Amino acid sequence: MYTTELQKGAAPAAIANEPRALIDAFEARIAEDAFIEPKDWMPEAYRRTLIRQISQHAHSEVVGMLPEGNWITRAPSLRRKAVLLAKVQDEGGHGLYLYCAAETLGASRGEMIDALHSGRAKYSTIFNYPTLTWADIGAIGWLVDGAAIMNQVPLQRASYGPYARAMVRVCKEESFHQRQGYEIMMVLAKGTDEQRAMAQDALDRWWWPALMMFGPPDDNSPNSEQSMRWRIKRDSNDALRQKFVDVSVPQADYLGLTIPDPDLAWNEARGQYDYGAIDWDEFYAVVAGEGPVAKERIEARRKAWDDNAWVRDAAAAHEARRAARKAA
Ligand SMILES: [Fe+2]
Ligand SMILES: [Fe+2]
(Lines give C-alpha, C1' and ligand atoms only; values in the text may rest on other atoms or scores of the structure.)
(Ligands and ions follow the chains in the order given, each with its own letter.)
Protein backbone atom coordinates (compact mmCIF):
# COMPACT_ATOMS: atom_id res chain seq x y z
CA MET A 1 0.00 0.00 0.00
CA TYR A 2 1.59 3.32 1.00
CA THR A 3 4.73 1.37 1.55
CA THR A 4 4.40 -1.58 -0.72
CA GLU A 5 7.23 -2.25 -3.15
CA LEU A 6 6.22 -0.42 -6.30
CA GLN A 7 9.61 0.22 -7.82
CA LYS A 8 10.72 -2.77 -9.76
CA GLY A 9 14.28 -3.90 -10.19
CA ALA A 10 15.22 -2.30 -6.92
CA ALA A 11 15.74 -5.52 -4.97
CA PRO A 12 18.71 -4.82 -2.76
CA ALA A 13 21.50 -7.26 -3.35
CA ALA A 14 23.92 -7.89 -0.52
CA ILE A 15 26.66 -5.31 -0.72
CA ALA A 16 30.12 -6.80 -0.90
CA ASN A 17 32.94 -5.62 1.37
CA GLU A 18 30.79 -4.87 4.37
CA PRO A 19 32.58 -6.19 7.46
CA ARG A 20 31.18 -9.53 8.56
CA ALA A 21 31.38 -8.62 12.25
CA LEU A 22 29.20 -5.54 11.71
CA ILE A 23 26.68 -7.47 9.65
CA ASP A 24 26.48 -10.14 12.36
CA ALA A 25 25.96 -7.56 15.09
CA PHE A 26 23.26 -5.86 13.00
CA GLU A 27 21.47 -9.12 12.36
CA ALA A 28 21.65 -10.07 16.01
CA ARG A 29 19.92 -6.81 16.95
CA ILE A 30 17.22 -7.44 14.37
CA ALA A 31 16.77 -10.97 15.71
CA GLU A 32 16.28 -9.75 19.26
CA ASP A 33 13.64 -7.23 18.10
CA ALA A 34 15.78 -4.22 19.04
CA PHE A 35 15.46 -0.93 17.17
CA ILE A 36 18.14 0.23 14.75
CA GLU A 37 18.86 3.93 15.31
CA PRO A 38 20.30 6.53 12.89
CA LYS A 39 23.81 6.37 14.34
CA ASP A 40 23.98 2.58 14.36
CA TRP A 41 25.85 0.79 11.63
CA MET A 42 23.51 -0.74 9.05
CA PRO A 43 24.01 -2.54 5.76
CA GLU A 44 23.82 -0.23 2.78
CA ALA A 45 21.01 -2.29 1.25
CA TYR A 46 18.93 -1.92 4.42
CA ARG A 47 19.48 1.84 4.40
CA ARG A 48 18.51 2.14 0.73
CA THR A 49 15.44 -0.03 1.10
CA LEU A 50 14.28 2.10 4.01
CA ILE A 51 14.86 5.35 2.17
CA ARG A 52 12.82 4.05 -0.74
CA GLN A 53 10.02 2.78 1.47
CA ILE A 54 9.83 5.77 3.81
CA SER A 55 10.05 8.38 1.05
CA GLN A 56 7.39 6.55 -0.95
CA HIS A 57 5.25 6.55 2.17
CA ALA A 58 5.88 10.29 2.65
CA HIS A 59 4.94 11.01 -0.98
CA SER A 60 1.74 9.02 -0.53
CA GLU A 61 0.78 11.15 2.46
CA VAL A 62 1.22 14.47 0.67
CA VAL A 63 -0.26 13.36 -2.65
CA GLY A 64 -3.07 11.86 -0.57
CA MET A 65 -3.98 15.37 0.57
CA LEU A 66 -5.08 16.25 -2.97
CA PRO A 67 -8.19 14.14 -3.63
CA GLU A 68 -9.70 15.22 -0.31
CA GLY A 69 -8.38 18.77 -0.34
CA ASN A 70 -10.51 19.03 -3.45
CA TRP A 71 -13.65 18.82 -1.27
CA ILE A 72 -12.79 21.20 1.56
CA THR A 73 -14.59 24.12 -0.05
CA ARG A 74 -17.57 21.92 -0.91
CA ALA A 75 -18.04 20.09 2.40
CA PRO A 76 -21.79 20.07 3.17
CA SER A 77 -21.55 21.77 6.60
CA LEU A 78 -19.18 23.79 8.75
CA ARG A 79 -18.61 20.73 10.97
CA ARG A 80 -17.74 18.54 7.99
CA LYS A 81 -15.43 21.23 6.67
CA ALA A 82 -13.59 21.53 10.00
CA VAL A 83 -13.22 17.76 10.29
CA LEU A 84 -11.97 17.36 6.73
CA LEU A 85 -9.58 20.26 7.11
CA ALA A 86 -8.11 18.65 10.23
CA LYS A 87 -7.79 15.33 8.48
CA VAL A 88 -6.03 16.75 5.43
CA GLN A 89 -3.67 18.69 7.73
CA ASP A 90 -2.89 15.46 9.56
CA GLU A 91 -1.83 13.90 6.26
CA GLY A 92 0.55 16.81 5.66
CA GLY A 93 1.97 16.16 9.13
CA HIS A 94 2.42 12.47 8.33
CA GLY A 95 4.38 13.45 5.24
CA LEU A 96 6.55 15.72 7.38
CA TYR A 97 7.40 13.05 10.00
CA LEU A 98 8.22 10.61 7.25
CA TYR A 99 10.44 12.94 5.23
CA CYS A 100 12.26 13.67 8.50
CA ALA A 101 12.63 9.94 9.22
CA ALA A 102 14.10 9.43 5.73
CA GLU A 103 16.49 12.34 6.31
CA THR A 104 17.94 10.52 9.34
CA LEU A 105 19.15 7.91 6.83
CA GLY A 106 21.01 10.53 4.82
CA ALA A 107 18.37 11.23 2.16
CA SER A 108 17.98 14.89 1.26
CA ARG A 109 14.54 16.46 1.24
CA GLY A 110 15.24 18.21 -2.04
CA GLU A 111 16.19 15.00 -3.79
CA MET A 112 13.14 13.17 -2.49
CA ILE A 113 10.80 15.93 -3.64
CA ASP A 114 12.55 16.09 -6.97
CA ALA A 115 12.12 12.33 -7.43
CA LEU A 116 8.38 12.72 -6.82
CA HIS A 117 7.97 15.68 -9.15
CA SER A 118 9.97 14.10 -11.95
CA GLY A 119 7.94 10.89 -11.76
CA ARG A 120 10.91 8.74 -10.67
CA ALA A 121 9.44 8.05 -7.23
CA LYS A 122 6.19 6.20 -6.74
CA TYR A 123 3.35 6.79 -4.34
CA SER A 124 0.25 4.78 -3.49
CA THR A 125 -1.81 3.96 -6.58
CA ILE A 126 -5.04 4.82 -4.76
CA PHE A 127 -4.48 8.57 -5.05
CA ASN A 128 -4.61 8.44 -8.83
CA TYR A 129 -8.37 7.95 -8.74
CA PRO A 130 -10.71 10.97 -8.78
CA THR A 131 -13.08 12.07 -5.99
CA LEU A 132 -16.33 12.63 -7.86
CA THR A 133 -18.88 13.11 -5.08
CA TRP A 134 -19.01 13.91 -1.36
CA ALA A 135 -19.56 10.21 -0.68
CA ASP A 136 -16.02 9.61 -1.95
CA ILE A 137 -14.73 11.47 1.10
CA GLY A 138 -16.64 8.97 3.24
CA ALA A 139 -15.38 5.99 1.24
CA ILE A 140 -11.78 7.21 1.37
CA GLY A 141 -11.82 7.64 5.14
CA TRP A 142 -13.51 4.30 5.67
CA LEU A 143 -11.57 2.22 3.14
CA VAL A 144 -8.35 4.03 2.27
CA ASP A 145 -7.50 5.17 5.79
CA GLY A 146 -8.82 1.81 7.00
CA ALA A 147 -6.35 0.03 4.73
CA ALA A 148 -3.62 2.43 5.85
CA ILE A 149 -4.20 1.43 9.48
CA MET A 150 -4.06 -2.24 8.57
CA ASN A 151 -0.70 -1.69 6.94
CA GLN A 152 0.77 0.77 9.42
CA VAL A 153 -0.09 -0.78 12.78
CA PRO A 154 2.54 -3.52 12.29
CA LEU A 155 5.05 -0.84 11.22
CA GLN A 156 4.99 0.55 14.75
CA ARG A 157 7.29 -2.40 15.46
CA ALA A 158 9.42 -1.94 12.34
CA SER A 159 13.12 -2.33 13.03
CA TYR A 160 14.14 1.25 12.22
CA GLY A 161 13.45 3.40 15.30
CA PRO A 162 12.53 6.76 13.71
CA TYR A 163 10.14 5.07 11.29
CA ALA A 164 8.48 2.94 13.97
CA ARG A 165 8.03 5.94 16.28
CA ALA A 166 6.54 8.09 13.52
CA MET A 167 4.01 5.31 12.96
CA VAL A 168 2.77 5.46 16.55
CA ARG A 169 1.38 8.95 16.12
CA VAL A 170 0.33 8.35 12.52
CA CYS A 171 -1.76 5.35 13.55
CA LYS A 172 -3.60 7.29 16.24
CA GLU A 173 -4.56 9.90 13.68
CA GLU A 174 -5.46 7.31 11.06
CA SER A 175 -8.03 5.80 13.36
CA PHE A 176 -9.75 9.20 13.61
CA HIS A 177 -9.63 9.43 9.81
CA GLN A 178 -11.21 6.04 9.43
CA ARG A 179 -14.02 6.88 11.83
CA GLN A 180 -14.81 10.24 10.25
CA GLY A 181 -15.12 8.50 6.88
CA TYR A 182 -17.30 5.74 8.22
CA GLU A 183 -19.51 8.30 9.92
CA ILE A 184 -20.04 10.10 6.60
CA MET A 185 -20.98 6.76 5.04
CA MET A 186 -23.39 6.04 7.90
CA VAL A 187 -25.22 9.33 7.45
CA LEU A 188 -25.48 8.84 3.68
CA ALA A 189 -26.44 5.16 3.91
CA LYS A 190 -29.28 5.98 6.28
CA GLY A 191 -30.33 9.07 4.34
CA THR A 192 -32.52 9.59 1.27
CA ASP A 193 -32.56 7.16 -1.67
CA GLU A 194 -30.30 9.53 -3.54
CA GLN A 195 -27.79 9.69 -0.69
CA ARG A 196 -27.80 5.91 -0.35
CA ALA A 197 -27.18 5.57 -4.07
CA MET A 198 -24.28 8.00 -3.79
CA ALA A 199 -22.75 5.97 -0.95
CA GLN A 200 -23.13 2.74 -2.93
CA ASP A 201 -21.57 4.32 -6.00
CA ALA A 202 -18.57 5.45 -3.96
CA LEU A 203 -18.14 1.97 -2.51
CA ASP A 204 -18.39 0.51 -6.03
CA ARG A 205 -15.59 2.73 -7.28
CA TRP A 206 -13.24 2.56 -4.26
CA TRP A 207 -13.47 -1.09 -3.24
CA TRP A 208 -11.14 -2.63 -5.79
CA PRO A 209 -8.55 0.17 -5.75
CA ALA A 210 -8.54 -0.17 -1.93
CA LEU A 211 -7.71 -3.89 -2.22
CA MET A 212 -4.91 -3.02 -4.65
CA MET A 213 -3.37 -0.73 -2.04
CA PHE A 214 -1.86 -3.76 -0.32
CA GLY A 215 0.34 -4.30 -3.34
CA PRO A 216 0.94 -7.22 -5.68
CA PRO A 217 0.11 -10.78 -4.62
CA ASP A 218 2.75 -12.48 -2.49
CA ASP A 219 4.01 -14.69 -5.30
CA ASN A 220 4.79 -11.55 -7.31
CA SER A 221 6.30 -9.38 -4.60
CA PRO A 222 10.04 -9.89 -5.06
CA ASN A 223 11.36 -7.74 -2.22
CA SER A 224 8.93 -8.79 0.47
CA GLU A 225 10.98 -11.64 1.85
CA GLN A 226 14.08 -9.57 2.53
CA SER A 227 11.97 -6.77 4.02
CA MET A 228 10.28 -9.24 6.32
CA ARG A 229 13.62 -10.62 7.44
CA TRP A 230 14.73 -7.09 8.25
CA ARG A 231 11.43 -6.36 10.01
CA ILE A 232 10.76 -3.41 7.70
CA LYS A 233 7.63 -5.29 6.83
CA ARG A 234 5.89 -7.64 9.23
CA ASP A 235 3.01 -9.18 7.30
CA SER A 236 2.65 -10.24 3.69
CA ASN A 237 0.55 -8.25 1.21
CA ASP A 238 -2.02 -11.01 0.87
CA ALA A 239 -2.31 -11.54 4.64
CA LEU A 240 -3.02 -7.84 5.18
CA ARG A 241 -5.46 -7.75 2.26
CA GLN A 242 -7.37 -10.69 3.70
CA LYS A 243 -7.53 -9.04 7.10
CA PHE A 244 -8.89 -5.89 5.47
CA VAL A 245 -11.60 -7.81 3.60
CA ASP A 246 -12.61 -9.62 6.77
CA VAL A 247 -13.13 -6.44 8.78
CA SER A 248 -14.72 -4.47 5.93
CA VAL A 249 -17.48 -6.91 4.97
CA PRO A 250 -19.40 -6.62 8.27
CA GLN A 251 -18.92 -2.84 8.15
CA ALA A 252 -20.53 -2.73 4.69
CA ASP A 253 -23.32 -4.99 5.95
CA TYR A 254 -23.99 -2.62 8.82
CA LEU A 255 -24.30 0.24 6.32
CA GLY A 256 -26.68 -1.84 4.20
CA LEU A 257 -24.34 -1.42 1.23
CA THR A 258 -23.17 -4.12 -1.16
CA ILE A 259 -19.50 -4.81 -1.82
CA PRO A 260 -19.13 -4.95 -5.63
CA ASP A 261 -17.79 -8.50 -5.73
CA PRO A 262 -20.12 -11.35 -6.76
CA ASP A 263 -17.51 -13.90 -5.62
CA LEU A 264 -17.39 -12.59 -2.08
CA ALA A 265 -18.43 -15.41 0.27
CA TRP A 266 -17.74 -16.56 3.80
CA ASN A 267 -15.47 -19.60 3.81
CA GLU A 268 -16.42 -21.63 6.84
CA ALA A 269 -13.36 -23.87 6.65
CA ARG A 270 -10.87 -20.99 6.52
CA GLY A 271 -12.84 -18.73 8.83
CA GLN A 272 -12.26 -15.92 6.33
CA TYR A 273 -13.96 -14.40 3.31
CA ASP A 274 -13.17 -15.59 -0.19
CA TYR A 275 -13.06 -12.72 -2.65
CA GLY A 276 -12.94 -12.33 -6.42
CA ALA A 277 -9.95 -11.81 -8.70
CA ILE A 278 -8.23 -8.45 -8.59
CA ASP A 279 -7.55 -6.73 -11.90
CA TRP A 280 -3.76 -6.63 -11.68
CA ASP A 281 -3.48 -5.18 -15.18
CA GLU A 282 -5.24 -2.09 -13.87
CA PHE A 283 -2.92 -2.00 -10.85
CA TYR A 284 0.26 -2.18 -12.92
CA ALA A 285 -1.08 0.41 -15.36
CA VAL A 286 -1.68 2.80 -12.46
CA VAL A 287 1.77 2.04 -11.02
CA ALA A 288 3.20 2.88 -14.44
CA GLY A 289 1.58 6.31 -14.26
CA GLU A 290 -1.63 5.67 -16.16
CA GLY A 291 -4.03 6.31 -13.28
CA PRO A 292 -7.14 8.32 -14.19
CA VAL A 293 -5.82 11.53 -12.59
CA ALA A 294 -2.09 10.74 -12.24
CA LYS A 295 -0.91 13.67 -14.34
CA GLU A 296 -3.21 16.07 -12.52
CA ARG A 297 -1.82 14.94 -9.15
CA ILE A 298 1.81 15.53 -10.05
CA GLU A 299 0.91 18.82 -11.73
CA ALA A 300 -0.78 19.96 -8.52
CA ARG A 301 2.29 19.00 -6.45
CA ARG A 302 4.65 20.82 -8.81
CA LYS A 303 2.46 23.90 -8.83
CA ALA A 304 2.30 23.97 -5.03
CA TRP A 305 6.10 23.64 -4.91
CA ASP A 306 6.60 26.51 -7.36
CA ASP A 307 3.92 28.75 -5.86
CA ASN A 308 5.47 28.36 -2.42
CA ALA A 309 9.07 28.97 -3.45
CA TRP A 310 8.91 32.39 -1.77
CA VAL A 311 8.19 30.74 1.60
CA ARG A 312 11.31 28.59 1.34
CA ASP A 313 13.35 31.59 0.15
CA ALA A 314 12.08 33.75 3.00
CA ALA A 315 12.81 31.04 5.58
CA ALA A 316 16.32 30.55 4.20
CA ALA A 317 17.00 34.32 4.18
CA HIS A 318 15.74 34.61 7.76
CA GLU A 319 17.95 31.73 8.86
CA ALA A 320 20.99 33.21 7.09
CA ARG A 321 20.45 36.60 8.73
CA ARG A 322 20.04 35.01 12.14
CA ALA A 323 23.23 33.02 11.69
CA ALA A 324 25.08 36.17 10.60
CA ARG A 325 23.81 38.08 13.64
CA LYS A 326 24.88 35.26 15.91
CA ALA A 327 28.33 35.19 14.34
CA ALA A 328 28.68 38.94 14.79
FE1 LIG B 1 -1.83 9.51 6.77
FE1 LIG C 1 -5.21 9.24 6.96
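For the structure itself, consult the block above.
Residues numbered from 1 in each chain as written. Chains lettered and ligands numbered in written order. Predicted model: local features only at pLDDT ≥ 70, side-chain atom pairs only at ≥ 80, totals over all residues. Heavy atoms only, no water.

> I keep staring at the coordination of the iron ion (ligand 2) and nothing clicks. Help me out?
Coordination angles at a metal have ideal targets, namely 109.5 degrees for four tetrahedral donors and 90 or 180 degrees for six octahedral donors. Looking at the iron ion (ligand 2), one finds its protein donor set to be Glu91 (OE), Asp145 (OD), Glu174 (OE) and His177 (ND1), positioned 1.9 to 2.2 Å from the metal centre. Taken together, the four donor atoms surrounding the iron ion (ligand 2) define angles of 88 to 163° at the centre, an arrangement classified as irregular. Positions of the donor residues of the iron ion (ligand 2), expressed as sequence spacing, correspond to E-x53-D-x28-E-x2-H. Between the iron ion (ligand 2) and the iron ion (ligand 1), both coordinated by Glu91, there is a metal-metal distance of 3.4 Å. You can see Asp145 sitting in helix α6 (residues 134-152) and its partner Glu174 sitting in helix α7 (residues 161-189), a full 29 residues away along the chain. No difference in accessibility class separates Asp145 from Glu174, as the two residues are buried. (Donors = N, O, S within 2.8 Å, 3.2 Å for Na, K, Ca; no water. Tetrahedral: all angles 85-135°; square planar, octahedral: opposite > 155°, others 65-115°. Helix = DSSP H or I, 4+ residues; strand = E, 2+ residues; numbered from the N terminus. Buried < 20%, exposed > 50% of the residue type's maximum accessible area, 1.4 Å probe, protein only.)

> What am I meant to see in the coordination of the iron ion (ligand 1) here?
Listed as protein donors to the iron ion (ligand 1) are Glu61 (OE), Glu91 (OE), His94 (ND1) and Glu174 (OE); their distances from the metal cover 2.0 to 2.2 Å. All donors to the iron ion (ligand 1) come from one chain, and their sequence spacing reads E-x29-E-x2-H-x79-E.

> Would you mind showing me how to read unusual backbone geometry here?
Peptide bonds are mostly trans, and most non-glycine residues show a negative phi. For Asp33, which is not glycine, the phi torsion reads 70° and is therefore positive. Along the chain, the position of Asp33 falls in the loop between α1 (20-31) and α2 (44-63). Even without being glycine, Arg231 reaches a positive phi, approximately 60°. Inspection of the secondary structure puts Arg231 in the loop between α9 (224-229) and α10 (237-255).

> Looking at this structure, how should I read the pattern of salt bridges?
Pairing is possible between side chains of opposite charge, provided their charged atoms come close. One pass over the structure, following the stated rule, counts 24 salt bridges. Of the charged contacts in the structure, one is a salt bridge between Arg120 and Asp114, with a shortest N-O distance of 2.8 Å. By relative accessible area, Arg120 is classed as exposed at 51%. Among the ionic contacts, a cluster of salt bridges with common partners joins Glu68, Lys87, Glu91 and Asp145. (Salt bridge = Lys/Arg side-chain N within 4 Å of Asp/Glu carboxyl O.)

> For this particular structure, what's the right way to read the nonpolar core?
Within soluble globular proteins, side chains that are nonpolar tend to cluster in buried spots. Counting residues in each nonpolar core, the largest one holds 79 residues, and the members touching the most others are Tyr46, Ile54, Tyr160, Tyr163, Trp206, Trp207 and Phe244. Broken down by element, this core gets its largest block of residues, 10 residues, from α6. (Core = buried A, V, L, I, M, F, W, Y, C linked by side-chain atoms within 4.5 Å.)

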